[in-house]
Amino acid sequence: MPMYEPMLLGSMRVDPPLVLAPLAGATLRPFRLLCRRLGAGMVCGEMISGMALRYANERTGRMLAVDPDEHPVSLQIAAGRPEVAGESATALRRAGADVIDLNMGCPVPKVRKTGAGAILGRDPGLARAIMDATVEAAADIPVTVKMRAGWDDDSINFMRIADEAVASGCAGIALHARTAVQMYAGRAEWGWIRQLVSHVPVPVTGNGDVRGPEDCLRMLEETGCAAVMIGREAQANPWVFQRCAAALAGAAVPPPPDWSERLAAAQSLCEGLIEELGERRGCLYARRTLGWLSRGMPDGARFRSRAHRISSAGDLRALLDAYGVPPAS
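Per chain, residue numbering runs from 1 following the sequence as it is written. With pLDDT at 70 or above as the cut-off, local features in this predicted model cover only qualifying residues; side-chain atom pairs require 80 or more to be listed or tallied, and sums for whole chains, interfaces and linings still use all residues. Derived side-chain values reflect all non-hydrogen atoms in the structure, with water molecules and hydrogen atoms excluded from consideration.

Examining the overall build of the protein
- Counting from the N terminus, the helices are DSSP H or I runs at least four residues long and the strands are E runs at least two residues long. In terms of regular secondary structure, the protein is built from 15 helices and 11 strands.
- The reference for a compact globule is 2.2 Å times residues^0.38; the radius of gyration itself is calculated from the C-alpha atoms. Relative to the 2.2 N^0.38 estimate, which gives 20 Å for 329 residues, the radius of gyration of the protein is 19 Å and therefore close to what a compact globule would have.
- Based on the C-alpha atoms only, the size of the protein along its principal axes is roughly 55 × 50 × 35 Å.
- For the protein, with 329 residues in total, the buried portion stands at 57%.
- Any two residues having at least one pair of non-hydrogen atoms within 4.5 Å are treated as being in contact. A separation threshold of at least 6 residues defines the contact pool for the protein, and within that pool the share at least 24 residues apart is 66%.
- Surface accessibility follows the Shrake-Rupley procedure with a 1.4 Å probe radius. Residue values consider only the protein chains on display as shielding. Total accessible area computed for the protein in this model is approximately 13,900 Å², and 52% of it derives from carbon and sulfur atoms.
- Across the protein, the mean location of the 37 positive side-chain charges is 6 Å away from that of the 36 negative side-chain charges. Buried residues are those whose accessible area, probed at 1.4 Å on protein chains only, stays under 20% of the maximum for their type, while exposed residues exceed 50% and partly exposed ones sit between those limits. Positive charges come from Lys and Arg alone, negative charges from Asp and Glu alone, with His and the N- and C-terminal ends not counted. For charged residues, the charge sits on one atom: NZ in Lys, CZ in Arg, CG in Asp, CD in Glu.

Re the packing of aromatic side chains
- Each Phe, Tyr or Trp ring, with Trp reduced to its six-membered ring, pairs with another whose centre is within 6.5 Å; inter-plane angles below 30 degrees give stacked pairs, above 60 give edge-to-face pairs, and intermediate values give tilted ones. Applying the stated criterion across every chain, the model contains one aromatic pair.
- On the basis of an interplanar angle of 55° and a centroid distance of 6.4 Å, the ring pair of F158 and W192 is categorised as tilted. Highlighted residues: F158 in helix α7 (residues 158–168) and W192 in helix α8 (residues 190–199), separated in sequence by 34 residues.
- Judged by its relative accessible area of 16%, W192 falls in the buried class.

Some points on the side chain of R262
- By the secondary structure assignment, R262 is in helix α12 (residues 259–277).
- Setting aside chain neighbours within four positions, we find R262 in contact with A236, N237, W239, P257, W292 and L293.

Things to note about the pattern of salt bridges
- Any carboxyl oxygen of Asp or Glu within 4 Å of a side-chain nitrogen of Lys or Arg constitutes a salt bridge here. Applying the stated criterion across every chain yields a total of 14 salt bridges.
- With a shortest N-O distance of 3.8 Å, R218 and D215 are connected by a salt bridge. Here the residue R218 and the residue D215 both occupy positions in helix α9 (residues 213–223), the gap between them amounting to three residues, near one helical turn.
- Among the residues examined, D215 registers a relative accessible area of 18% and is labelled buried.
- Here R317 ties to D321 by a salt bridge, and the two come within 2.8 Å at their closest N and O atoms. Of this pair, R317 and D321 both sit in helix α15 (residues 313–322), four residues apart, which is roughly one turn of that helix.
- The class of D321 is partly exposed, set by a relative accessible area of 43%.
- Overlapping salt bridges, with partners in common, bring together R128, D132, R160 and E164 in one network.

Considering the packing of α8 against α9
- In contact at an axis separation of 8 Å, α8 and α9 are set at 45° when each is read in the N-to-C sense. If you check the angle between α8 and α9, you find them oblique. Of the two elements, α8 crosses α9, and the hand of that crossing is right-handed. On the side of α8, the interface is formed by W190, I193, R194 and V197, while α9 contributes D215, R218, M219, E222 and T223.
- Any residue outside Ala, Val, Leu, Ile, Met, Phe, Trp, Tyr, Cys, Pro, Asp, Glu, Lys and Arg is labelled polar, Gly included; the first ten of those are nonpolar and the last four are charged. Here the residues of the contact of α8 with α9 sort into four nonpolar, one polar and four charged. To obtain each axis, a line is fitted to C-alpha atoms, and for helices this fit is confined to the stretch in contact; angles are then taken between N-to-C directions over 0 to 180 degrees. Roughly parallel refers to an angle under 35 degrees, roughly antiparallel to one over 145, roughly perpendicular to one between 65 and 115, and oblique to any angle outside these ranges. The sense of a crossing depends on the near helix, which, turned anticlockwise from the far helix by less than a right angle, makes the crossing left-handed and, turned clockwise, makes it right-handed.

Regarding the packing of α9 against helix α11 (residues 240–248)
- Running from N to C, α9 and α11 cross one another at 50°; their axes reach a closest spacing of 8 Å. Taken together, the axes of α9 and α11 are oblique relative to one another. Of the two elements, α9 crosses α11, and the hand of that crossing is right-handed. Contacts between α9 and α11 pair P213, C216, L217 and L220 from the former with R243, C244, A247 and L248 from the latter.
- Grouping the amino acids of the contact of α9 with α11 by side-chain chemistry returns seven nonpolar, no polar and one charged.

A closer look at α11
- In terms of burial, α11 is largely enclosed, as seven of its nine residues are buried.
- Among the residues making up α11, those that are buried are V240, F241, C244, A245, A246, A247 and L248.
- Among the structural elements, β3 (18–20), α1 (29–37), α9, β11 (227–230) and α10 (232–236) are those in contact with the buried residues of α11.
- Looking one or two residues past α11, G250 carries a phi angle of roughly 75°, positive in sign.

In structure tokens form, the structure reads like this:
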């Protein structure tokens, strides 16, 4: 018997209530497809710059590609101006996004310098204008907001930003329970998620420090959130969705994958990246992917050293041959 209900964003169901977080350089289409197959109820594309979309950046245009097998999929935009947010929402709607997500939580300097990301939490009026423009352009597509608790410990204002999100017509809110200044350090304060759940009438997705089914169940129980978002753990362990989904269904949690299974998945994923991005750029992404998926692997340092040097599909095949991974059928 299922232990938790699907999350509803408008009329769209997220079932199971497990969401792959948008991750820069990671949540490309091949990785999103893998996470969907492993049990994520919704996957999110990596953050797309609204200004890059405005100026028809070729790489950014490719980030809009959506596979029929990955729905429901959320595409995320970062914009520091309402008109840019509206233009971007129109592009994401036309690309086939099931959800349009506004990034108001990214703390990295290059995003903040554009007036987007976590810096918007310091200007509720501008944040509201950006939300309004996005909701209007999105039309019938649900809009969500991903945000931090505040800029720092002296400016915890997620309730104020959440009020603006609700008033603008956003369908859901994801809260990364850290401040922008914290980046990814320290512990996530799940109490903030619980406070937000009790404060707003829209579904809240909790984010921060979920590494396995025990954390997933505990976050749902302690905070009352409607869904759990998993980010950094999924980079090295996309099977976290499989294990969490089983726990949410009240089923036996499968054991972690063995190394042959991990490397077979790495092969499929890396070949997908090469096909998606071309050999040169695909291999650059494959190097990082192999690094993440081989964490804790026996002889892992040597494997990663070789993986870091691959520059062709042939190099990838030779590396996997050396570790006994059979060719894909």
